[in-house]
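Structural overview
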Amino acid sequence: MESSNGNGEHTDLPPPPPFIPPDVEPVKVEHLPEPVKKKVDRVPIARRGLGTKGQKINLYTNHFKVDINKNDGHFYHYCVSVFYEDGRPVDGKGIGRKVIDRVQETYSTELAGKDFAYDGEKSLFTIGALPQNKLEFTVVLEDVTSNRNNGNASPDGHDSPNNGDRKRFRRPYRAKTLKVELSYAAKIPMQAIANALRGQESEHFQEAVRVLDIILRQHASKQGCLLVRQSFFQNDPRNFTDVGGGVLGCRGFHSSFRTSQGGLSLNIDVSTTMIVQPGPVVDFLISNQNVKDPYALDWAKVKRTLKNLRIKASPSNTEYKITGLSEKICKEQLFPLKQRNGDGEVDTIEVTVYDYFVNHRNINLSYSGDFPCINVGKPKRPTYIPLELCSLVSLQRYTKSLTNFQRASLVEKSRQKPQERMRVLSDALRSSHYDSEPMLQSCGIRIASKFTEVEGRILPAPKLKVGNGEDFFPRNGRWSFQNKKFAEPAKIQRWAVVNFSARCDVRGLVRDLTRLAEMKGLLVEQPFDIFEENPQYRRAPPAVRVDKMFEEIQSKLPGAPKFLLCLFPDRKNCELYGPWKKKNLSDFGIVTQCLCPMRVNDMYLTNVLLKINAKLGGLNSFLTMEQSPSIPIVSKVPTLILGMDVSHGSPGQSDIPSIAAVVSSRQWPLISRYRATVRTQSPKVEMIDSLFKKASDTEDEGIIRELLLDFYTTSGKRKPDQIIIFRDGVSESQFNQVLNKELDQIIEACKFLDEKWSPKFVVIVAQKNHHTRFFQPGSDNNVPPGTIIDNKICHPRNNDFYLCAHAGMIGTSRPTHYHVLLDDVGYSPDDLQELVHSLSYVYQRSSSAISVVAPISYAHLAATQLGTFMKFEDVSETSSSHGGLTSSGGPPVPQLPKLQDSVAASMFFV
């Protein structure tokens, strides 16, 4: 022990007395607990420099430079509250813009003539302060109705009738008096934008850019556009394209401000949303259900389809929201009609809707009498309108998932070659008239009219190895297996063919497949048998058809087959696919390949063989530097590569569990072999919650443990010293969760296996859902495969780059935007970019470079395939009204069936 004397010097204390009397109890000194060290959250790393490798190429990009001449002002944020006279809040979404416009018109002097940037809901911004921190106004609106522009409304529409008996169209609009409160919330310095451009980002910066984006939305709203986040769609039939089923693709534009190394820019791109076919309701229904006339319509389905859509009713041209259908047809549906008798008193008589419109209103109805009426009233006070008097208003979003046919039609009709896209975007900027927007003028903002020039680099393709030791360089991101053998051919043995009523020459197909397989180096035994489906089961439910087929297989084969080739009669979305895959992989552990033999030729069958060989444990091609081994950093120390993705249910399926998939590399130093682990989690939850799952002091049931053990056993009993994580599907606002929540789980899983083990981590997010495109000056070709951009339009501080690894053959290529969030290893920019580029060449399903690294693509495939295992109730039409799963407090999420060990470690997902 030490003490301090008066001079601040330390002196030793005398030793304690050797004897303590028995009646004295030593006093225990209470030590204050040490303050718990608060975990410091990781943040994305700063850029360490720019890459230099590759041939330079000059490009244009769809970012337009923005100059800001005013940096000393402030945005003032006000909260908006709207009330009825009796103090009840007005909750009609979409009414806000009308109210604020009326406030501005009526009280311009009290507001010091300020312009507003209003988000349509609770937030309003001004440049400079309003005269007071709290302002109250009273306004009168002729008709308080919803005119929501960000989804299901038409920009100039009115809401549903809400009150009484509007079927007679007699009740006049009642003006409503509303109270509006504006309360000061915050002050945002415009200087925050300039600071961010110097790499000093702050919360103020995010808010300031949000204000600029709100100005763009408001500008589009005033032009009558449908708003979908930062995309704007005008009511112009020239922008509509019919994709079938009563659905139109509506072309519009995405427009948002971005900070970059080159300063602030406006990113403009073509955007498409789906809308309901406007016009007569009956025409939409006939297209939607693909029937010849309204007599063939399924009215239960009609009711679900039409709910909440908006119509205009003739002859009054009044707009309503559909709440349902009448229970009876128009000629039989009665309602109470009040009318004056001869004595001037009011009598109530029961009349049919048909009789009322034809005889009381003298409106001719040619076909509506035989069909239900449209109900636009409330549950207890219905308001019926005959079908043929109803027309769907334009610009109503269609939010259900598209069929494969619709999706293919949309892609085909909306693709644009690069030069056409540039022309369309230039026209869009010109016609938007942003220079005349008063709020942007007040900010001193000027937007350049020319595309930004950037310098890219073309990375050389990595050398690949195929069979017989042959090496070659892909050309233009592609290669062919013609006259080449697979690098590691598998054996197709103990196999059979299953035909679910597909019409084709099955024996001829097997003969051609065997011939091509042998040319690629595969050893192929004769199949045990060809199992044809018993015709009596063709109309049975899919699961029954699969069960019956397996009963047939088990009765005739001496033991379980190792491989089954399955022929389906329908392309895509065949209902048999999910039950078939589940039966094979989960119940029996059999590798299976499905195909629909419609247009079978040698190229098609070679592509099928790529998948079969990978599933059976072979390798079609791999990087020469995997074998050397000479991959920078990865080849020097054991390195695990992970690909992570979460797949969500289709739009409107809010009670379908999300599916998290993680794939991992195996057999280091290879980076071409992977396995997958897949789990369900709460619907629409993007962060993976089962990476580490402690079941007891010795048990971890999480995803990562399984993959770490697999790496250890397949890589010569080595633990990875480095773990490189590729994460798909997260936005910039979720980066911190990936870095802190998900990465923490992965570190816990490592520590749970070995407390002393501390691997180094690299975390990279890949984004495809962005609006940056690149163009070659004066060329209608896409940018060459391997084009990388890490300057000028990239983040002023963070480590990000754009890579177009693939050869874009159709439309305009979409680069992948990679964000390096963490790099404990210390990669040079060139080495890291080369690794990412090389991982686009190890995808076993194709003979071309793909647009995103293979581990991410595999994770997506694994999540999608196992998602077909789960058979849910019919929730495909819409919403969460089925009382399904919730992310908190709801029923437990159903688990996926476990895969058999014989296939769990295979590339079953390719």
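Here the chain is described in UniProt, under the heading Sequence similarities (unreviewed entry), as follows: "Belongs to the argonaute family. Ago subfamily."

1. A short note on the overall build of the chain
The number of helices and strands found in the chain is 19 helices and 43 strands. Residue burial in the chain is summarised as follows: out of 910 residues, 53% are buried. Taking all contacts inside the chain whose residues are at least 6 apart in sequence as the whole, residues at least 24 apart take part in 73%. As displayed, the chain offers around 43100 Å² of accessible surface, 48% of which is attributable to carbon and sulfur atoms.

2. A short note on the packing of aromatic side chains
Here the distance between the centres and the angle between the planes together describe a pair of aromatic rings. Taken as a whole, this structure holds 24 aromatic pairs when the rule is applied. Relative to Trp580, the ring of Phe500 has its centre 5.6 Å away and its plane inclined at 80 degrees; by these criteria the two rings are edge-to-face. Note that Phe500 is positioned in the loop between strand E29 (495–499) and helix H10 (506–519) and Trp580 in helix H12 (residues 577–588), a separation of 80 residues in sequence. Trp580 shares its class with Phe500; the two are buried. The rings of Phe500, Phe550, Phe568, Trp580 and Phe588 are connected pair by pair, giving a single aromatic cluster. One Lys or Arg, Lys331, reaches over the ring of Tyr354 and ends 5.3 Å from the middle of that ring. The aromatic ring of Phe472 is capped on one face by Lys484, whose charged end is 5.0 Å from the ring centroid.

3. Thoughts on the nonpolar core
Formed by 121 residues in total, the largest nonpolar core has its most connected members in Leu565, Tyr858 and Phe909. Counting residues per element, this core draws most heavily on helix H18 (residues 854–867), which supplies eight residues. Once residues within four sequence positions are removed from consideration, Leu565 is found in contact with Trp495, Ala496, Val497, Val498, Leu509, Leu513, Gln593, Leu595 and Ile612.

4. Points about the packing of H10 against helix H13 (residues 602–615)
Across the interface, H10 lies against H13 with an axial gap of 10 Å and an inter-helix angle of 65 degrees. In this view, H10 runs roughly perpendicular relative to H13, as classed from their interaxial angle. Relative to H13, H10 is oriented so that their crossing is right-handed. Here Asp512, Leu513, Arg515, Leu516 and Ala517 of H10 come into contact with H13, specifically with Asp602, Leu605, Thr606, Leu609 and Ile612. Looking at the contact of H10 with H13 residue by residue, the class counts come to six nonpolar, one polar and three charged.

5. A few points about the sheet that holds strand E6 (residues 117–118)
If you walk across this open sheet you meet the five strands as E6-E7-E5-E9-E8, and the pairing is antiparallel. If you trace the sheet from one side to the other, it starts and ends with E6 and strand E8 (134–141), each paired once. Bridge count for E6 against strand E7 (residues 123–127) is two bridges, and the pairing is antiparallel. Opposite Tyr118, over in E7, you have Leu124 as the bridge partner. Against the sheet, helix H1 (residues 95–106) engages strand E5 (74–84), E6, E7, E8 and strand E9 (176–189), with an angle of about 105 degrees to E8.

6. Considering the side chain of Glu437
For Glu437, the position within the fold is in the loop between helix H8 (418–432) and helix H9 (438–442). Summary of buried charges: Glu437 has no salt-bridge partner, and the nearest side chain of opposite charge, Lys222, is 6.1 Å away. Excluding its chain neighbours within four sequence positions, the residues that come into contact with Glu437 are Ile215 and His219.

7. So, the sheet that holds E29
With respect to topology, four strands assemble into an open sheet ordered E31-E29-E32-E33, the strand pairing being parallel. Only two strands of the sheet have a single neighbouring strand rather than two, namely strand E31 (530–532) and strand E33 (591–595). When strand polarity is set aside, the average angle formed by the axes of neighbouring strands in this sheet is 20 degrees. Sheet topology note: the E29/strand E32 (residues 563–567) ladder contains five bridges and is parallel. Residue pairing for E32: Ala496 is matched across the bridge by Leu564. Contacts from H10 reach E29, E31, E32 and E33, with the element oriented near 140 degrees to E29. On top of the sheet, H13 reaches E32 and E33; it is set at about 160 degrees to E33, its chief contact.

8. Here's the deal with the pairing of strand E42 (residues 799–804)
Along E42, six of the six residues are buried, which leaves the element largely enclosed by surrounding structure. Residues Asn799, Phe801 and Leu803 line one face of E42 and the alternating positions Asp800, Tyr802 and Cys804 line the opposite face, and both faces are buried. Pairing analysis gives three bridges linking strand E41 (residues 787–789) to E42, with the strands arranged antiparallel. Residue pairing in the sheet places Ile788 in a bridge with Leu803 of E42.

9. Points about the side chain of Ser857
For Ser857, the location among the structural elements is in helix H18. Owing to a relative accessible area of 15%, Ser857 belongs among the buried residues under this scheme.

10. Side note on the state of the cysteines
Tallied over the full model, the rule gives zero disulfides. Counting only cysteine sulfurs, Cys596 is the nearest neighbor of Cys504, a cysteine outside any disulfide, at a range of 8.9 Å. Cys574 takes part in no disulfide bond, and the closest cysteine sulfur to it belongs to Cys596, at a distance of 7.9 Å. A relative accessible area of 9% means that Cys574 is categorised as buried.

11. As for the pattern of salt bridges
As enumerated under the stated definition, the model contains 36 salt bridges in all. Put simply, Asp744 and Arg42 hold a salt bridge, and the shortest N to O gap is 3.0 Å. Of this pair, Asp744 sits in helix H16 (residues 735–753) while Arg42 sits in the loop between strand E2 (10–12) and strand E3 (55–61), and the two are 702 residues apart along the sequence. Overall, the relative accessible area of 21% leaves Arg42 in the partly exposed class. Here Arg679 ties to Glu706 by a salt bridge, and the two come within 3.6 Å at their closest N and O atoms. You can see Arg679 sitting in strand E37 (residues 674–681) and its partner Glu706 sitting in helix H15 (residues 703–714), a full 27 residues away along the chain. Taking relative accessible area as the criterion, Arg679 reaches 16% and is therefore assigned buried. The class of Glu706 is partly exposed, set by a relative accessible area of 29%. What you see here is one network of salt bridges that share partners, running through Arg666, Arg675, Arg679, Glu706 and Asp710.

How each quantity is defined
Residues numbered from 1 in each chain as written. Predicted model: local features only at pLDDT ≥ 70, side-chain atom pairs only at ≥ 80, totals over all residues. Heavy atoms only, no water. UniProt positions renumbered as here; feature names shortened; annotations may be inferred. Helix = DSSP H or I, 4+ residues; strand = E, 2+ residues; numbered from the N terminus. Buried < 20%, exposed > 50% of the residue type's maximum accessible area, 1.4 Å probe, protein only. Contact = heavy atoms within 4.5 Å. Areas by Shrake-Rupley, 256 points an atom, 1.4 Å probe, with all protein chains shown as cover. Phe/Tyr/Trp six-rings, centres within 6.5 Å; stacked < 30°, edge-to-face > 60°. Lys NZ or Arg CZ within 6 Å of the ring centre and 35° of its normal. Core = buried A, V, L, I, M, F, W, Y, C linked by side-chain atoms within 4.5 Å. Axes fitted to C-alpha atoms, helices over the stretch in contact; angles between N-to-C directions. Parallel < 35°, antiparallel > 145°, perpendicular 65-115°, else oblique. Left-handed = near helix turned anticlockwise from the far one by under 90°. Nonpolar A, V, L, I, M, F, W, Y, C, P; charged D, E, K, R; others polar. Pairing = 2+ DSSP bridges. Lys, Arg positive; Asp, Glu negative; His and termini not counted. Salt bridge = Lys/Arg side-chain N within 4 Å of Asp/Glu carboxyl O. Disulfide = S-S within 2.5 Å.

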